Amino acid sequence: RNYSATIMKLIALALLLASPLLALDSSIEVHPDRTVTFRYAAPKATEVSVSGDFGKAGPMTKDDSGAWSVTVGPLVPNLYSYTFSVDGKTVADPLNGRFKPQRTGFSNVLNIPDDKPSVWDRQSVGHGTVHLHEYDSKATGSVRRLRVYTPPGYDAVRTSVYPVLILLHGSGDNEATWTEFGRAQDILDNLIAQGKAVPMIIAMLDGHTVPPVPRDSPKAPEVRAKNAANFERDLLGDALPLIDATYSTRTDREGRAIIGLSMGGNQSLTIGLNHMDLFASVGGMSSAIREPDTQLAPFWKDVTRANSQLKLLWFACGKDDFLLADNQKLDALLTEKNVKHTYVTTDGAHSWPVWRRHLAQFAPLLFR
C-alpha cells in the first residue's frame, strides 16, 4: 500500500507539536489582490526561504518574535506546490496538511482561486470515478499501482466502449499526482459536461520502475535508460492488458492516445511514436526528449507511413521552461521531415500550473 499521504500528515503533526510555529495562526495569507504572504517561525534560524511552482521568492525577513515572512505575487489563479528552507534544510509547512503526492521528498499545496471556477476546480457537473489498482508486473518483477478514471455515467452504460488516454507524470511524482494535484478527473468532468471532450477512460501509471539517483550522478544516464525500457515493457505488456481486461475500452489504435509531462513526455513521445500500431494520437508536455534523433529511430524510418497513421501529434512547452530548447529541436526535426504535427508554446515554466492547462488543451482534440 502507498502510505505516503498518511506519513506526510504524521510528519506535519510531529512538526506542529515540536515547532515554534505554534505561535502562528497560519503560515499562508492570500490577499484580495492574489499576493500571498508566507510565514514561518524559526527564532534561531539565520536564513529562511520559500519556493514553489511560482519560483523562488525573495529573502524572508525575521520580526522581533522570530517569525520569518515574505510576500509573493500576485499569483495567477491555480494550484501551487511549495516548501520552506530553514538554514539550507527543506522542511514541510507544519500548519498546512495538504501535500502533493510525489516519489521523493515532500511539498505542500496552495490554492489561489479565481473569481469563477477554473477547469481544474470541482464544479456542479456529473463526476467520474477514480479507481486504484495494484497489479503484478512481469516486466519489473514487482507489485505496481495505477489509477484509472472512468467518465460520468460509465457504470450505467457498461455495454458501451470508451477510448483510452494514457496520462503520465514527471520525474519525482507518482501515479497519484495527476489526480490528487493535477486534478485530471475534474478537468475531464468539466470538459465533458461542456461538450468540449468526448467521454474517455484515463489510465495513470507510476513512471518510475527503478530507484532514483541524483541527476548529476554518473549513473544517471544508465538509470534513465533502464527505467525507460522497464516502463515501456510494463505499460505495453502488463498495464494496458489489465486496463483492457477490466474496463470497457476500445482496443483499436484510433481509440488510444498517450501524453505525459517532462519525464512522462519523453515516455509518451517515444512509446507513442515508436508504437503507432497501438496509438494514433500522441502528445507531450514540457517533454524531456533530449535525443529525438536516436530515441525516435523507428519512427523516422518511414515518415510517409507515419503521416498516414498519425491522427494527432501535439506537444507543448512553456516559454520559460528549461526544456524549451529540446522541444524546439523536436519541432524543427518534425518540420524538416514534413511530419504533420502541432507544437504550442505557452506562458509559464516547468510547473504544474502549466501542465493542467496543457491537459485542458489536449483532451478536447482527442477521439473526434
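This text goes with the structure placed above it.
Below is a summary of the structure that appears in this document. What you see is a predicted model; the values in this text were computed from it and never measured.

When helices and strands are tallied, the protein shows ten helices and 17 strands. Against the 2.2 N^0.38 benchmark of 21 Å for 368 residues, the protein shows a C-alpha radius of gyration of 21 Å, consistent with a compact globule. Taken along the three principal axes of its C-alpha coordinates, the protein extends 70 × 50 × 40 Å. Going through the 368 residues of the protein one by one, you find that 53% of them count as buried. For the protein, the proportion of contacts with a sequence separation of at least 24, taken over those separated by at least 6, is 71%. Put simply, the protein shows about 16,600 Å² of open surface, and 52% of that area lies on carbon and sulfur atoms. Charged side chains in the protein number 39 positive and 39 negative. The centres of these two groups are separated by 3 Å.

In this section: the sheet that holds strand S13 (residues 201-205). An order of S10-S11-S13-S12-S14-S15-S16-S17 is seen for the eight strands of this open sheet, with the pairing classed as mixed. Two strands lie at the open edges of the sheet, namely strand S10 (129-137) and strand S17 (342-346), each paired on one side alone. When the angles between neighbouring strand axes are averaged without regard to direction, this sheet yields 20°. Taken together, the nine bridges between S10 and strand S11 (residues 142-150) define a ladder with antiparallel strand orientation. Bridge pairing in S11 links Asp-136 to Val-143. The sheet contacts of helix H3 (residues 184-193) involve S10, S11, strand S12 (164-168) and S13, and relative to S11 the element is tilted by about 25°.

This paragraph deals with helix H9 (residues 324-336). Taking 1.5 Å of rise per residue, the 13 residues of H9 would be expected to cover 18 Å, and the 18 Å separating its terminal C-alpha atoms lies within 8% of that figure. Along H9, the residues classified as buried are Leu-324, Asp-326, Asn-327, Leu-330, Leu-333 and Leu-334. Positive backbone phi, at 60°, marks Asn-338, one or two positions downstream of H9.

Okay, the environment of Val-76 next. Residue placement: Val-76 occurs in the loop between strand S6 (67-72) and strand S7 (78-86). Under the relative-accessibility criterion, Val-76 is labelled partly exposed at 48%. Distance in space between the C-alpha atoms of Val-76 and Pro-113 is 8.8 Å, their sequence separation being 37 residues.

Below, the discussion takes up the packing of H3 against helix H10 (residues 352-362). With their axes 10 Å apart at the nearest point, H3 and H10 run at an angle of 35° to one another. Taken as a pair, H3 and H10 cross one another with a handedness that is right-handed. Facing H3, whose interface residues are Ala-184, Ile-187, Leu-188 and Leu-191, H10 presents Arg-356, Leu-359 and Ala-360. Looking at the contact of H3 with H10 residue by residue, the class counts come to six nonpolar, no polar and one charged.

The subject of this paragraph is the environment of Pro-32. Of note, Pro-32 is situated in the loop between strand S1 (28-30) and strand S2 (36-41). Remark: the alpha-carbon pair of Pro-32 and Ser-69, spanning 37 residues in sequence, is separated by 18 Å.

Attention shifts here to the pattern of salt bridges. A full pass over the atoms with the stated rule returns 15 salt bridges. Of the charged contacts in the structure, one is a salt bridge between Arg-39 and Glu-29, with a shortest N-O distance of 3.1 Å. Placement of Arg-39 in strand S2 and of Glu-29 in strand S1 is noted, with a sequence separation of ten residues between them. A salt bridge links Arg-34 to Asp-115; the shortest N-O distance between them is 3.2 Å. Taken together, the residues span a long stretch of sequence, with Arg-34 in the loop between S1 and S2 and Asp-115 in the loop between strand S9 (108-112) and S10 at a distance of 81 residues. When its relative accessible area of 22% is taken as the criterion, Arg-34 is described as partly exposed. Using a relative accessible area of 76% as the deciding quantity, one classes Asp-115 as exposed. Each of Arg-34, Asp-114 and Asp-115 takes part in one network of salt bridges that share partners.

This part covers the sheet that holds S1. Taken together, four strands build an open sheet; the order of strands is S1-S2-S6-S5 and the sheet is antiparallel. The sheet is open, and its two borders are formed by S1 and strand S5 (61-62), each paired with just one other strand. One ladder, built from three bridges, connects S1 with S2; its direction is antiparallel. Bridged to Ile-28 within S2 is Phe-38.

Looking at where Thr-270 falls in the secondary structure, it is placed in helix H5 (residues 263-274). According to the relative accessible area criterion, Thr-270 is buried, its value standing at 13%. Here Asn-266 takes part through its backbone oxygen, which lies 2.7 Å from a polar atom of the side chain of Thr-270.

With that settled, consider the packing of aromatic side chains. Under the counting rule described, the total for this entry stands at 14 aromatic pairs. Considering the side-chain rings of Trp-178 and Trp-352, the 4.8 Å spacing of their centres and the 75° angle between planes classify their relative orientation as edge-to-face. Linking Trp-178 in helix H2 (residues 177-180) with Trp-352 in helix H10, this pair joins segments that are 174 residues apart in sequence. What makes Trp-178 buried here is its relative accessible area of 1%. Under the relative-accessibility criterion, Trp-352 is labelled buried at 2%. Through successive ring pairs, a cluster of aromatic residues spans Phe-38, Tyr-40, Phe-54, Tyr-80, Tyr-82 and Phe-84. We note Lys-337 situated over the ring of Trp-300; from NZ or CZ to the ring centre the distance is 5.3 Å. Stacked on the ring of Phe-181, the Lys or Arg Arg-356 has its end atom at 4.6 Å from the ring centre.

What counts as what
Residues numbered from 1 in each chain as written. Predicted model: local features only at pLDDT ≥ 70, side-chain atom pairs only at ≥ 80, totals over all residues. Heavy atoms only, no water. Helix = DSSP H or I, 4+ residues; strand = E, 2+ residues; numbered from the N terminus. Rg over C-alpha atoms; globule rule 2.2 N^0.38 Å. Buried < 20%, exposed > 50% of the residue type's maximum accessible area, 1.4 Å probe, protein only. Contact = heavy atoms within 4.5 Å. Areas by Shrake-Rupley, 256 points an atom, 1.4 Å probe, with all protein chains shown as cover. Lys, Arg positive; Asp, Glu negative; His and termini not counted. Charge placed at Lys NZ, Arg CZ, Asp CG, Glu CD. Pairing = 2+ DSSP bridges. Axes fitted to C-alpha atoms, helices over the stretch in contact; angles between N-to-C directions. Expected span 1.5 Å × (residues − 1). Left-handed = near helix turned anticlockwise from the far one by under 90°. Nonpolar A, V, L, I, M, F, W, Y, C, P; charged D, E, K, R; others polar. Salt bridge = Lys/Arg side-chain N within 4 Å of Asp/Glu carboxyl O. Polar contact = N/O pair within 3.5 Å; in protein donor to acceptor, adjacent residues only side chain to side chain. Phe/Tyr/Trp six-rings, centres within 6.5 Å; stacked < 30°, edge-to-face > 60°. Lys NZ or Arg CZ within 6 Å of the ring centre and 35° of its normal.

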